[in-house]
Structure formats: C-alpha cells, structure tokens
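Survey of secondary and tertiary structure
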Amino acid sequence: FESALWPCFSAFSNACPQDLHARQTLTPRCWPLRARQASVPHTAHVSEAPMSCIDGFVAAVPVAKKSAYLDHARQMLPLFMEYGALQLVETWSDDVPHGKLTDFYRAVQADENEAVVFSWVLWPDKTTRDAGWKAMMGDARMNMEGQQMPFDGKRMIYGGFEILLDSSAGSSAT
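**Remarks on the side chain of Arg-155**
The topology assignment puts Arg-155 in the loop between helix H5 (126-137) and strand E4 (157-162). Classification of Arg-155 as buried rests on a relative accessible area of 18%. A distance of 3.2 Å separates the side chain of Arg-155 from the backbone oxygen of Val-108, its partner in a polar contact. Those residues in contact with Arg-155 that lie beyond four places of it in its chain are Val-58, Ala-60, Ala-107, Val-108, Gln-109, Ala-110 and Glu-114.

**Focus on the sheet that holds strand E1 (residues 53-62)**
The strands that make up a sheet are held in pairs by hydrogen bonds between backbone atoms, and each pair lies either parallel or antiparallel. Strand order in the open sheet formed by 4 strands is E2-E3-E1-E4, and the pairing between neighbours is antiparallel. The sheet is open, and its two borders are formed by strand E2 (87-92) and E4, each paired with just one other strand. Strand-to-strand, the axes of this sheet are offset by a mean angle of 15°, without reference to chain direction. For E1 and strand E3 (residues 114-123), the ladder comprises 10 bridges, and the chain directions are antiparallel. What sits directly across from Val-61, in E3, is Ala-115.

**Describing the confidence of the model for the chain**
A residue-level look at the chain finds 68% of positions with pLDDT of 70 or above and a mean pLDDT of 78. Low pLDDT (under 50) marks residues 1-38, which in the prediction has 36 contacts with non-local residues, meaning those over four places away or in another chain.

**Some remarks on the layout of surface pockets**
Taken as a whole, the second largest pocket holds about 530 Å³ of empty space. Taken together, 25 residues form the lining of the second largest pocket, with Phe-57, Phe-80, Trp-133, Phe-151 and Met-156 sitting closest to its centre. Of all the secondary structure elements, the ones that give two or more residues to the lining of the second largest pocket are E1, helix H3 (66-82), E2, E3, H5 and E4. A total of 5 residues in the lining of the second largest pocket trace back to one element, the largest contributor, which is H3. When its residues are assigned to classes, the lining of the second largest pocket shows 17 nonpolar, 5 polar and 3 charged.

**Section: the packing of aromatic side chains**
Throughout the structure, instances matching the rule amount to 7 aromatic pairs. Taken together, Phe-57, Phe-80, Trp-123, Trp-133 and Tyr-158 form an aromatic cluster joined through their ring pairs.

Conventions adopted
Residues numbered from 1 in each chain as written. Predicted model: local features only at pLDDT ≥ 70, side-chain atom pairs only at ≥ 80, totals over all residues. Heavy atoms only, no water. Helix = DSSP H or I, 4+ residues; strand = E, 2+ residues; numbered from the N terminus. Buried < 20%, exposed > 50% of the residue type's maximum accessible area, 1.4 Å probe, protein only. Polar contact = N/O pair within 3.5 Å; in protein donor to acceptor, adjacent residues only side chain to side chain. Contact = heavy atoms within 4.5 Å. Pairing = 2+ DSSP bridges. Axes fitted to C-alpha atoms, helices over the stretch in contact; angles between N-to-C directions. pLDDT = per-residue confidence, 0-100. 1 Å grid on protein atoms, 1.4 Å probe; cavity = no way out; pocket = protein on both sides within 12 Å on 5 of 7 lines; lining within 4 Å. Points joined across faces, edges and corners; volume = space filled by probe spheres on them. Nonpolar A, V, L, I, M, F, W, Y, C, P; charged D, E, K, R; others polar. Phe/Tyr/Trp six-rings, centres within 6.5 Å; stacked < 30°, edge-to-face > 60°.

This is the structure in structure tokens:
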C-alpha cells in the first residue's frame with residue numbers, strides 16, 4: 001500500500017523518493033508524495049475516519065477554448081454549491097508527463113492541440129452527493145441542449161471516490 005502513495009510523476013520515474021538524488025533533481029511541485037511527506041513532522045494531523053467524498057473528472061479541452069471552459073466552470077459552480085458541494089476545483093494541465101503505457105492524455109484521447117483538465121467536487125458525505133446529483137439532473141440549468149460545450153464530453157472520465165486519507169486539520173476519514 002505504501003508504494004502506491006509515492007509513484008514518481010516526473011521524467012525520473014525510476015527514481016525512488018527516498019533517493020536523495022531524486023529529491024534534489026525534482027522541482028518541489030513534482031516531488032512524489034512520499035518525498036514531500038518526509039518533511040512533514042510525524043505529529044502532523046493525518047485523519048483516517050469516515051468523511052466527505054469526491055467526484056473526480058478528467059477531460060481533454062482544446063487549448064483555444066480555455067477561456068470558454070473557464071466560463072462553463074464558473075456557470076456550473078453555483079449549481080454545485082447550491083446542491084451541497086463544499087468545493088469545486090478546476091485545474092489546467094501544466095506539468096503532465098506523457099507516459100509509456102498510460103497517462104492522462106491517453107485516458108481522454110487528447111490530441112496535441114488539447115490540454116488535460118483535472119477537476120473535482122468535494123461533498124460533505126455520500127448522502128449529500130447522491131441527493132445533490134439527483135437534484136441537479138432535474139434542474140433546468142443543467143440542460144446544455146443546444147449549447148456549444150467547450151470540450152468533448154464523450155471523452156471525459158469521471159467517478160465518485162471515498163476519501164481514505166486526508167491530511168487536512170480537523171478532518172476525519174476511514
């Protein structure tokens with residue numbers, strides 16, 4: 001299980017995070033999770049009891065439509081919050097490596113003119129999430145018929161996830 005916490009997401013994919021060389025050559029934002037955790041005191045709060053859940057999304061968005069995608073996300077934000085979401089995060093690929101077998105680009109069949117968007121919605125619990133999605137699907141504001149979407153929804157991947165570990169202070173997880 002521990003090895004699953006620190007895969008190297010950089011060009012140094014064969015480097016072990018305990019290897020001093022790996023820590024010195026990777027930029028801080030690219031350090032594997034385990035290497036970053038090495039600097040966290042053992043007294044830091046890491047919760048392991050039931051709590052919120054997350055819906056995760058990965059999509060390919062044409063680089064030329066970045067602004068349109070952000071507008072779309074801003075349009076959806078109040079809807080998610082109205083139906084109980086605690087947070088909505090939209091990210092645009094910045095340092096996403098191309099893998100040899102799998103990667104984010106292949107997952108959504110992105111071409112060279114597309115960026116990968118990684119997004120998530122934080123819900124307080126699964127009950128709120130399920131009720132929120134049910135209500136949103138019945139909300140007329142979710143009807144995108146006739147509107148030009150800034151990405152190909154057929155290539156989007158998504159799913160709901162139970163939080164196993166959360167380093168946020170005051171949180172609890174399983």
